[in-house]
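Below, each chain spelled out in residue letters.
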Amino acid sequence: MLYFIIMSWTIHYFNKAVFKDIAALPASLKARYLRYANLMKEHGSNLGSPHTKQLDKGLYELRLKGKEGIARVLYCTVIDQKIIMLHSFVKKIQKTPKKELNIALRRLKEVKNDHNT
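Asker: Would you mind going over the pattern of salt bridges with me for this structure?
Answerer: Should the charged atoms of two oppositely charged side chains come close, the side chains can pair. Counted according to the given criterion, the structure contains 2 salt bridges. Across the pair E61 and R63 runs a salt bridge whose closest N-O atoms are separated by 3.0 Å. The class of E61 is buried, set by a relative accessible area of 2%. Among the ionic pairs, E61 bridges to R72, the shortest N-O distance being 3.3 Å. Of this pair, E61 sits in strand β3 (residues 59-66) while R72 sits in strand β4 (residues 69-78), placing them 11 residues apart in sequence. Take E61 and R72: they sit in the same class, and that class is buried.

Asker: What am I meant to see in the nonpolar core here?
Answerer: The nonpolar side chains of soluble globular proteins are, as a tendency, buried together. In this structure, I22, Y33, L62, L64, V73, I83 and M85 are the most contacted members of the largest nonpolar core, which totals 17 residues. Listing elements by their share of this core, those giving two or more residues are α1 (16-23), α2 (27-43), β3, β4 and β5 (82-90). With sequence-adjacent residues up to four places away left out, L62 is seen in contact with Y33, Y36, M40, L47, H51, T52, A71, R72, V73 and Y75. By size, the runner-up hydrophobic cluster in this structure holds 11 residues, among which are V78, I84, L86 and A104.

Asker: Got a minute to help me understand the environment of L74 in this structure?
Answerer: With respect to the helices, strands and loops of the structure, L74 is situated in strand β4. Residue classification places L74 among the buried residues on the basis of a relative accessible area of 0%. Placed 41 residues apart in sequence, L74 and Y33 show a C-alpha to C-alpha distance of 12 Å. With near-sequence residues (within four places) excluded, L74 lies in contact with L55, L59, Y60, E61, I84, M85, L86, H87, F89, E100, L101 and A104.

Asker: In this structure, what is going on with the side chain of E100? I would like to understand it.
Answerer: Tracing the backbone shows E100 in helix α3 (residues 98-116). Despite its burial, E100 pairs with no opposite charge, the nearest such side chain being K99 at 4.5 Å. Of note is the side chain of E100, whose polar atom sits 2.4 Å from the side chain of H87. Not counting residues within four places of it along the chain, the set of residues in contact with E100 comprises L74, H87 and F89.

Asker: Would you mind showing me how to read the side chain of K91 here?
Answerer: Inspection of the secondary structure puts K91 in the loop between β5 and α3. Put simply, K91 is tucked away with no salt bridge, and the nearest opposite charge, on E61, sits 5.9 Å away. Of note is the side chain of K91, whose polar atom sits 2.5 Å from the backbone oxygen of Q94. Not counting the four nearest positions on each side in its chain, K91 is found in contact with I70, A71, R72 and T96.

About the thresholds
- Residues numbered from 1 in each chain as written.
- Predicted model: local features only at pLDDT ≥ 70, side-chain atom pairs only at ≥ 80, totals over all residues.
- Heavy atoms only, no water.
- Salt bridge = Lys/Arg side-chain N within 4 Å of Asp/Glu carboxyl O.
- Buried < 20%, exposed > 50% of the residue type's maximum accessible area, 1.4 Å probe, protein only.
- Helix = DSSP H or I, 4+ residues; strand = E, 2+ residues; numbered from the N terminus.
- Core = buried A, V, L, I, M, F, W, Y, C linked by side-chain atoms within 4.5 Å.
- Contact = heavy atoms within 4.5 Å.
- Lys, Arg positive; Asp, Glu negative; His and termini not counted.
- Polar contact = N/O pair within 3.5 Å; in protein donor to acceptor, adjacent residues only side chain to side chain.

Now the structure itself:
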């Protein structure tokens, strides 16, 4: 007999502030986040364009668009099918601001260090 083990993905938050920032998103952006988060739990971290995009080695963005504007949630993945939400922000300009990207990259480095020790 053959058995298939289907593992689902889990979503974690870098810290409570990240969770609170996402929870404080405007209604349509939060609804979009919850929809995509549920899809990621079921199908994995890469939902494909236009929903997700790789920004850097190991760093990805979840792209949220709603009637109140545009937001991004930057995340990474680690072993055991864990998705870690590193940082979120509402976009005000076309490009991802360096400041926001640097916050996520610093946190990504921390996550990698914690999982390699």
